[in-house]
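# Architecture at a glance
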Amino acid sequence: MPDHAPATAPGDGPDHDVIIVGAGIIGLATARELLARGRRVTLVDPDPAGGASRAAAGMLAPVAEVVWDQAPLYPLMVESGRRYRGFAAAVAAESGRDVGYLANATLVCAGDAADRRHLLELAGLQSRLGMAVQPITAGQARRLEPALGPGCVGAVSLPEDHQVDPRRLCAALLDLLGPRVRRDRVTEVLFDGERAVGVRLAGGAVLHAAEVLLAAGLGTAGIAGVPAAAAAPLRPVHGDVLRLRVPERLRPLLTRTIRGVVHGRPVYLVPRADGTVVLGATSREDDLAGVSAGGVADLLRDARRLVPAVADLEIVEMIARARPGSPDDVPVIGRLGPGLSVSGGYFRHGILLTPLGAALGADAVCGADPDPRFAAAVDPNRFTTRRNRSR
Ligand SMILES: Cc1cc2nc3c(=O)[nH]c(=O)nc-3n(C[C@H](O)[C@H](O)[C@H](O)COP(=O)(O)OP(=O)(O)OC[C@H]3O[C@@H](n4cnc5c(N)ncnc54)[C@H](O)[C@@H]3O)c2cc1C
């Protein structure tokens, strides 16, 4: 179907049960879920898996990503983390591809005494939320990961924070869905009265569907006809990431994800099975969409403080992408109106939230009752409704 999928003319009736706008990890995983529910799905994307999903490190961090004042996010992260092992195994089995899922613990290291105080305060919150978190000494951390240097002055171990390789996971999903992915850009959502009935593509072709799901990340805002509840709230939060190759003589440099806080700045190193390490990531709300020189300098300096051998690695890639952030950093998932749903705003947790997000997005498309545990937190109308109330 891909590039040759038929473009219907108005009046032909829907060729597709569902059109998904955007084939990032969320669009892809939701398509898989909808296929399992018996829907005919077409995805439209000019650059499948080329957005935020391409830069992501793939940390599955329901515990390390707990920060103050984000209570609505915690249950989503915990539930999605719980589903990950089964989700990754199913995608691997269906596609015959390894998706790089690793269930070993994450270490979070402190770069100085103030960072250690911060880590321990956060560990207290994580513990009170019933999450598994174990403070350890710098010596214990070094016994687990000998590449840690004297710049690590204390650590916590998070046994429930794991990792996946988002590029492998997207490649596996693309393998499964390939014939259903059409490489094109959606310019407009089309309506018949209040009901969404399809989309217009950049070349002018029109696709009709019974349901349209917007999963285009930050691209959603540029599509004509998209209601403000889906488009207006999202902001780009740029992140720089490096990929470094570990020379044979230093392998394995690390055996688990090392996160750190160095002079208040977060940094992480995620080892991959192919002998590379992902070093990330900055969080910039500026207008520089490409890789930031200052950002890269900060990352290398902070990573070296924790793992001195970072200086001996080869840089094989530098990439920047923007995270699609909502005002409260919680995704927007649900129905916007007849025939139209959204699944976006996954900010810095979209890889972790994929299994749950795919299920909630598919529920919205299928008109199922929203899961009461998460419905209010992800309600796409929560920002517009609040604004209207305060007027
Ligand atoms: C540097 C960085 C590191 C990250 N690390 C992690 C991590 O370790 N763990 C974690 O859980 N999350 C992480 N994230 C967050 C995660 O990557 C995102 O939340 C997630 O990828 C969002 O997925 P998505 O499918 O919604 O968006 P995207 O991956 O951005 O996909 C959107 C897709 O829509 C397409 N599109 C856009 N406009 C249109 C249009 N008009 N028509 C058709 N298609 C369109 C794009 O081409 C793109 O393929 C990280 C993000 C960044 C930037």
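Within any chain, residue numbers begin from 1 and follow the written order of that chain's sequence. With pLDDT at 70 or above as the cut-off, local features in this predicted model cover only qualifying residues; side-chain atom pairs require 80 or more to be listed or tallied, and sums for whole chains, interfaces and linings still use all residues. Working from all heavy atoms in the structure, the side-chain values ignore hydrogens and water.

### A look at the site of the ligand
- In this text, near means that some heavy atom of the residue lies within 4 Å of the molecule or strand in question. Inspection of the region around the ligand gives 38 residues, with Asp45, Ser53, Met59, Phe347 and Leu352 positioned closest.
- Contacts described as polar in this section are N or O atom pairs within 3.5 Å, which, within protein, must combine one atom able to donate a hydrogen with one able to accept it, while residues neighboring in sequence count only if both atoms come from side chains. The separation between an oxygen atom of the ligand and a polar main-chain atom of Ala52 is 3.0 Å.
- Method for areas: the Shrake-Rupley scheme with a 1.4 Å probe, in which residue coverage is limited to the protein chains shown. When the free accessible area of the ligand is taken as 1000 Å², the share hidden by the protein chains comes to 93%.
- Secondary structure follows DSSP: runs of H or I at least 4 residues long count as helices, runs of E at least 2 residues long count as strands, and numbering of each begins at the N terminus. Of all elements in the fold, only helix 1 (25–36), helix 2 (52–55), strand 12 (235–245) and strand 16 (314–325) reach the threshold of two or more residues within the shell around the ligand.

### Overview of the pattern of salt bridges
- The salt bridge definition used is simple: a Lys or Arg side-chain nitrogen within 4 Å of an Asp or Glu carboxyl oxygen. By the definition in use, this model includes 29 salt bridges.
- As a salt-bridge pair, Arg40 and Asp17 come within 2.9 Å of each other at their nearest N and O atoms. Of this pair, Arg40 sits in the loop between helix 1 and strand 2 (41–44) while Asp17 sits in strand 1 (residues 16–21), and the two are 23 residues apart along the sequence.
- Relative accessible area serves as the criterion here: at 45%, Arg40 is assigned to the partly exposed category.
- A salt bridge links Glu188 to Arg200; its shortest N-O distance comes to 3.1 Å. With Glu188 in strand 9 (residues 186–192) and Arg200 in strand 10 (residues 195–201), this residue pair connects regions lying 12 residues apart in the sequence.
- Think of it in three bands: residues with accessible area under 20% of the maximum for their type are buried, residues over 50% are exposed, and the middle band is partly exposed, with areas taken using a 1.4 Å probe on protein chains only. We classify Arg200 as partly exposed; its relative accessible area is 30%.

### Here we look at the pairing of strand 18 (residues 340–344)
- Within strand 18, five of the five residues are buried, which leaves it mostly tucked inside the rest of the structure.
- Side chains Leu340, Val342 and Gly344 of strand 18 all project onto a buried face; the interleaved residues Ser341 and Ser343 project onto the opposite face, where all are buried too.
- By the bridge criterion, three bridges tie strand 11 (residues 206–214) to strand 18 in an arrangement that is parallel. In the strand pairing of strand 18, Leu213 is matched with Ser341.
- As paired strands, strand 17 (residues 332–337) and strand 18 are joined by five bridges and run antiparallel to one another. Two strands pair if DSSP finds at least two bridges between them.

### Considerations on unusual backbone geometry
- With an omega of -10°, the peptide bond running from Arg251 to Pro252 counts as cis.
- Here Pro252 lies in the loop between strand 12 and strand 13 (258–262).
- The phi dihedral of Ala49 falls on the positive side, at around 60°, and the residue is not glycine.
- Following the sequence through the fold, Ala49 ends up in the loop between strand 2 and helix 2.
- The phi dihedral of Asp329 falls on the positive side, at around 65°, and the residue is not glycine.

### Observations concerning the side chain of His16
- Its location among the elements puts His16 in strand 1.
- The buried category is assigned to His16, whose relative accessible area is 4%.

### Some points on the domain arrangement of the protein
- The domains assigned to the protein are domain 1 (16–54 + 168–234 + 327–390) and domain 2 (106–159 + 235–325).
- Note that domain bounds follow an automatic or database assignment of domains. Computed over C-alpha atoms only, the centres of domain 1 and domain 2 are separated by 31 Å.
- Residue-level contacts link 14 residues of domain 1 with 11 residues of domain 2.
- Buried area: the sum, over both parts, of the accessible surface (1.4 Å probe) that disappears when the two are put together. The junction of domain 1 with domain 2 conceals about 1100 Å² of combined surface from both sides, 57% of it contributed by carbon and sulfur atoms.
- Per-residue buried area on domain 1 facing domain 2 is highest for Arg54, Leu218 and Phe347; these three make up 45% of the total on that side.
- Inspection of the region where domain 1 meets domain 2 yields one salt bridge.
- The salt bridge involving Asp329 is made with Arg235; its shortest N-O contact spans 3.4 Å.
- Counting every contact that joins domain 1 to domain 2 gives six residue pairs in polar contact (both at pLDDT 80 or more).
- A per-class count over the side of domain 1 that touches domain 2 returns seven nonpolar, four polar and three charged. Contacts were defined at the residue level, with two residues in contact if any of their heavy atoms lie within 4.5 Å. Each residue is assigned to one of three groups, with Ala, Val, Leu, Ile, Met, Phe, Trp, Tyr, Cys and Pro labelled nonpolar, Asp, Glu, Lys and Arg labelled charged, and all others, Gly among them, labelled polar.

### Considering the packing of helix 3 (residues 73–95) against helix 6 (residues 166–177)
- To obtain an axis, a line is fitted to C-alpha atoms, over the contacting stretch when the element is a helix, and the angle between two such axes runs from 0 to 180 degrees between their N-to-C directions. Where helix 3 meets helix 6, the closest approach of the two axes is 9 Å, and the angle between their N-to-C directions is 50°. Considering their axes alone, helix 3 and helix 6 lie oblique with respect to each other. Here the hand of the crossing between helix 3 and helix 6 comes out left-handed. Across the interface between the two elements, Tyr84, Phe87, Val91, Glu94 and Ser95 of helix 3 pack against Leu169, Ala172, Leu173 and Leu176 of helix 6. Here roughly perpendicular refers to angles of 65 to 115 degrees, roughly parallel to angles under 35, roughly antiparallel to angles over 145, and oblique to all remaining angles. Each crossing gets its handedness from the near helix: less than a right angle anticlockwise from the far helix is left-handed, clockwise is right-handed.

### Quick word on the sheet that holds strand 15 (residues 276–280)
- In spatial order, the strands read 5-6-4-13-14-15-12-16; together these eight strands make up an open sheet with mixed pairing. In the strand order of this sheet, the two ends are held by strand 5 (134–136) and strand 16, each with one partner. Averaged over all pairs of adjacent strands, the angle between strand axes in this sheet comes to 20°, irrespective of strand direction.
- Two elements, strand 4 (residues 106–110) and strand 13, share four bridges in a ladder whose sense is parallel. Bridge assignment links Ala110 to a residue of strand 13, and that residue is Val261.

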